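Geometric and topological summary
Single-letter residue listing:
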Amino acid sequence: MSGTPLRTPAARRQPSSAPQRSGGHPRRLNWVTVVIIAASVVGLALRLYQLSRPGYLLGVTEYDDGTDFGSAIRLVHGYLPYRDFIIVQPPGITLLMSPVALLTKGLGAARAMAVARVVTVLAGAASVPLTGLLVRHRGLLAATVACGIAAVYPPSIQSAHTVLLEPWLVLFCLGGAVAVFDGDRLTSSTRRLAWGGAAFGFAGAVKVWAVLPVVVILLLSVSKLHGVSKLPGVSKLPGVSKLPGARRPRRAASYLAGVAAGFVIPVLPFVIAAPRTFYDS
């Protein structure tokens, strides 16, 4: 009797309760993962099916895709946008398509355009798992609805059938959102905020509409800087009262630095080469 350890009621209950917690949580997460994977497969299949229709892979279906991919072709042949020719968008899509445009030297422009369309399909389909990652903390229903809409939404499918700006804009915006959000609130990691800001900044280098989510996230950061957390009841919200005040300016600065770097680094060389034409464009 003297060598037998005493077991309190709490200690006797612990072995039976621990397996229940460890067994239930992974099952819920696994179902969410299954839904994200299944929706991603459906989304990719729908976009590939559209591209397989007659005339979609090698035919002419748009006007903008010719100018977007054509700007990349001219860039890899030594011509600078804004200085040597005019485009009316930021140079992000030109830079993204440049590796594919190199294929024109061996495959020709038509087949290289087909490769660019397949790459754009993959970028468009990537919006489905990124949406799932963004909402997975909300559970199975939220993941099913969000991923289902992202997979089958007709304008999203249509915009991914050729080289257009929208699939790439959405891709980088969703990637930035996954980086900067930790559940329902902004992450406390300055590194994640910087990388997420860089993704949003490059999204703006693809199409300027990325400024909208950039401003929204900035307002979320600024609201914590100017005393919203001191309002009645707000300080009791999860994560608000635990956030040290000294870290809030640092987090906002990291996010803005990432946004600035993501936009300025790819854009600045073209601005230097032809500042007036870039502004006019």
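Because the structure is a prediction, the values reported are computed rather than measured.

**Structural notes on the packing of aromatic side chains**
Counting across every chain of the model gives 3 aromatic pairs. Where Tyr 82 meets Phe 278, the ring centres are 4.9 Å apart and the plane angle is 75 degrees; that geometry is what we call edge-to-face. In this pair, Tyr 82 sits in the loop between α2 (64-76) and α3 (92-101) while Phe 278 sits in helix α13 (residues 275-280), placing the two residues 196 residues apart along the sequence. Using a relative accessible area of 2% as the deciding quantity, one classes Tyr 82 as buried. Through successive ring pairs, a cluster of aromatic residues spans Tyr 82, Phe 270 and Phe 278.

**Points about the packing of helix α5 (residues 109-125) against helix α6 (residues 127-135)**
Two numbers describe a pair of packed helices, the interaxial angle and the distance between the axes. Two elements in contact, α5 and α6, have axes separated by 4 Å at closest approach and are oriented at 20 degrees. One way to sum up the angle between α5 and α6 is to call them roughly parallel. Residues Ala 123, Gly 124 and Ala 125 of α5 form the contact with α6, whose participating residues are Ser 127, Val 128 and Pro 129. Residue composition of the contact of α5 with α6, by class: 4 nonpolar, 2 polar and no charged.

**Focus on a nonpolar patch on the surface**
A contiguous nonpolar patch, built from Trp 209, Val 211, Leu 212, Val 215 and Leu 219 and spanning about 500 Å² of accessible area, is present on the exposed surface. By the element assignment, Trp 209 lies in the loop between α10 (190-206) and α11 (211-225). Among the residues examined, Trp 209 registers a relative accessible area of 54% and is labelled exposed.

**With respect to α10**
In a regular helix each residue adds 1.5 Å, so 17 residues correspond to 24 Å; α10 covers 24 Å between its end C-alpha atoms and thus fits that length. Within α10, 12 of the 17 residues are buried, which leaves it mostly tucked inside the rest of the structure. When we look at burial in α10, the residues that qualify are Leu 193, Gly 196, Gly 197, Ala 198, Ala 199, Phe 200, Gly 201, Phe 202, Ala 203, Gly 204, Ala 205 and Val 206.

**Comments concerning the pattern of salt bridges**
Proximity of charged atoms lets side chains of opposite charge pair with each other. Under the counting rule described, the total for this entry stands at 5 salt bridges. The salt bridge involving Arg 117 is made with Asp 65; its shortest N-O contact spans 3.1 Å. Of this pair, Arg 117 sits in helix α5 while Asp 65 sits in helix α2, placing them 52 residues apart in sequence. According to the relative accessible area criterion, Asp 65 is buried, its value standing at 3%. Ionic pairing is found between Asp 184 and Arg 138, a salt bridge with its closest N-O pair at 2.8 Å. A residue pair is termed long-range when its members are at least 10 positions apart, and Asp 184 in the loop between β1 (181-182) and β2 (185-186) and Arg 138 in the loop between α6 and α7 (140-152) qualify at 46 residues. Overall, the relative accessible area of 52% leaves Asp 184 in the exposed class. Residue classification places Arg 138 among the exposed positions, given a relative accessible area of 56%.

**Details of the confidence of the model for the protein**
Interpretation of the predicted coordinates at a detailed level should be avoided for regions scoring low in pLDDT. Averaged over every residue, the pLDDT of the protein is 85; residues scoring 70 or more account for 81%. By mean pLDDT, the top-scoring element of the protein is helix α9 (residues 165-180) (97), and the lowest-scoring one is helix α1 (residues 9-52) (72). For residues 9-24, every residue scores under 50 in pLDDT, and the model assigns this stretch 3 contacts once sequence neighbours within four places are set aside. Across residues 225-244, where pLDDT falls below 50, the model places 19 contacts with residues more than four positions away in sequence or in other chains.

About the criteria used
Residues numbered from 1 in each chain as written. Predicted model: local features only at pLDDT ≥ 70, side-chain atom pairs only at ≥ 80, totals over all residues. Heavy atoms only, no water. Phe/Tyr/Trp six-rings, centres within 6.5 Å; stacked < 30°, edge-to-face > 60°. Helix = DSSP H or I, 4+ residues; strand = E, 2+ residues; numbered from the N terminus. Buried < 20%, exposed > 50% of the residue type's maximum accessible area, 1.4 Å probe, protein only. Axes fitted to C-alpha atoms, helices over the stretch in contact; angles between N-to-C directions. Parallel < 35°, antiparallel > 145°, perpendicular 65-115°, else oblique. Contact = heavy atoms within 4.5 Å. Nonpolar A, V, L, I, M, F, W, Y, C, P; charged D, E, K, R; others polar. Patch = residues over 30% accessible without salt bridge, like charges linked within 9 Å, V, L, I, M, F, W, Y side chains within 5 Å. Areas by Shrake-Rupley, 256 points an atom, 1.4 Å probe, with all protein chains shown as cover. Salt bridge = Lys/Arg side-chain N within 4 Å of Asp/Glu carboxyl O. Expected span 1.5 Å × (residues − 1). pLDDT = per-residue confidence, 0-100.

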